[in-house]
Amino acid sequence: ALDPRSKRNAKVTPYQRGIMQAVASGAVTLQKHLFAAGLVESATCPFCDSGEVEDEEHAFWRCPAWRDHRRDVLKRLPGKPDNMPACLQLCGILPSDERYERYEEHVGDIQRMMVRILHDSADWRRKQQALRLASERDAKRTNDSRRTDAQADAATDTRTLRRRTQQQQDNT
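Each value, and the rule that gives it
Residues numbered from 1 in each chain as written. Predicted model: local features only at pLDDT ≥ 70, side-chain atom pairs only at ≥ 80, totals over all residues. Heavy atoms only, no water. Helix = DSSP H or I, 4+ residues; strand = E, 2+ residues; numbered from the N terminus. Buried < 20%, exposed > 50% of the residue type's maximum accessible area, 1.4 Å probe, protein only. Contact = heavy atoms within 4.5 Å. Areas by Shrake-Rupley, 256 points an atom, 1.4 Å probe, with all protein chains shown as cover. Arc of directions from axis to C-beta. Phe/Tyr/Trp six-rings, centres within 6.5 Å; stacked < 30°, edge-to-face > 60°. Patch = residues over 30% accessible without salt bridge, like charges linked within 9 Å, V, L, I, M, F, W, Y side chains within 5 Å. Salt bridge = Lys/Arg side-chain N within 4 Å of Asp/Glu carboxyl O. Lys, Arg positive; Asp, Glu negative; His and termini not counted. Charge placed at Lys NZ, Arg CZ, Asp CG, Glu CD. Core = buried A, V, L, I, M, F, W, Y, C linked by side-chain atoms within 4.5 Å.

1. Some points on the overall build of the protein chain
Next up, step 1: Per the secondary structure count, the protein chain includes six helices and zero strands.
Next up, step 2: Going residue by residue from the N terminus, the α and β elements of the protein chain occur as α-α-α-α-α-α.
Next up, step 3: Looking at the 172 residues of the protein chain, the share that counts as buried comes to 27%.
Next up, step 4: Of the contacts made within the protein chain by residues no fewer than 6 positions apart, 49% connect residues no fewer than 24 positions apart.
Next up, step 5: Counting every atom, the protein chain has about 11700 Å² of accessible surface; 49% of that belongs to carbon and sulfur.

The structure is reproduced here in structure tokens:
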């Protein structure tokens, strides 16, 4: 299913192929991994209110936020995702084992579903990061503006004090 020469994958973009390679190698960016790297405060899924850690199983098969992404795949699967081999369920790879032949025709659909979920979650994360950066920039501008205002006020106070001091000296 990852063969870029196959007709079925002719419409797969290099970006999508990269996502699928990340899925297959277990190198996807999920909250669990971001938390382990110290990049976020919690491993909890940011897309739903379940309170669950966002790992591969949650993102691909349980998260309510991605229900629409997996609806058609779940309808066609021969059984529940829990019955699939872990490498198919978490990495989109079907082992060469006749016990799992019934999943062979579904591998491409499962992989495309995983790509869509990861693409949309990455898109959301990028937007959140842009919002955070914009907010930090605005806060910095506000602080800089306040600092500038405070400096201007201090300069005005200094000039007023000098003027009063000069007036007092002139009056004596």
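2. What about helix α4 (residues 67-76)?
Along an α-helix, residues three or four positions apart point the same way, because every turn accommodates 3.6 residues.
Next up, step 1: Within α4, the full set of buried residues consists of His69, Arg70 and Val73. Burial along α4 is one-sided: seen end-on, the buried residues are contained in an arc of 60°. Those residues of α4 that are exposed and aimed more than 90 degrees away from the buried face are Asp68 and Lys75.

3. Quick look at the packing of aromatic side chains
Next up, step 1: In the structure shown here, the tally under the stated rule is two aromatic pairs.
Next up, step 2: Each ring, one from Phe47 and one from Trp124, has its centre 4.7 Å from the other, and the planes form 65°; the classification is edge-to-face. Taken together, the residues span a long stretch of sequence, with Phe47 in the loop between α2 (31-36) and α3 (56-62) and Trp124 in helix α6 (residues 107-171) at a distance of 77 residues.
Next up, step 3: Residue Trp124 is classed as partly exposed on the basis of its relative accessible area, which comes to 32%.
Next up, step 4: Through pairs of rings, three or more aromatic residues link up here, namely Phe47, Trp66 and Trp124.

4. Some points on a positive patch on the surface
Next up, step 1: Positive charge collects at one region of the surface, where Arg159, Arg162, Arg163 and Arg164 lie side by side.
Next up, step 2: With respect to the element layout, Arg159 can be found in helix α6.
Next up, step 3: Judged by relative accessible area, Arg159 falls into the partly exposed class, the value being 46%.

5. Some words on the nonpolar core
Next up, step 1: Of all hydrophobic cores here, the largest spans 27 residues; its most connected members are Val23, Phe60, Trp61 and Ile110.
Next up, step 2: Mapped by element, the contributors of at least two residues to this core are α1 (14-25), α3 and α6.
Next up, step 3: Broken down by element, this core gets its largest block of residues, seven residues, from α6.
Next up, step 4: Discounting chain neighbours no more than four positions away, the residues touching Ile110 are Trp61, Val73, Leu77, Met84 and Leu88.

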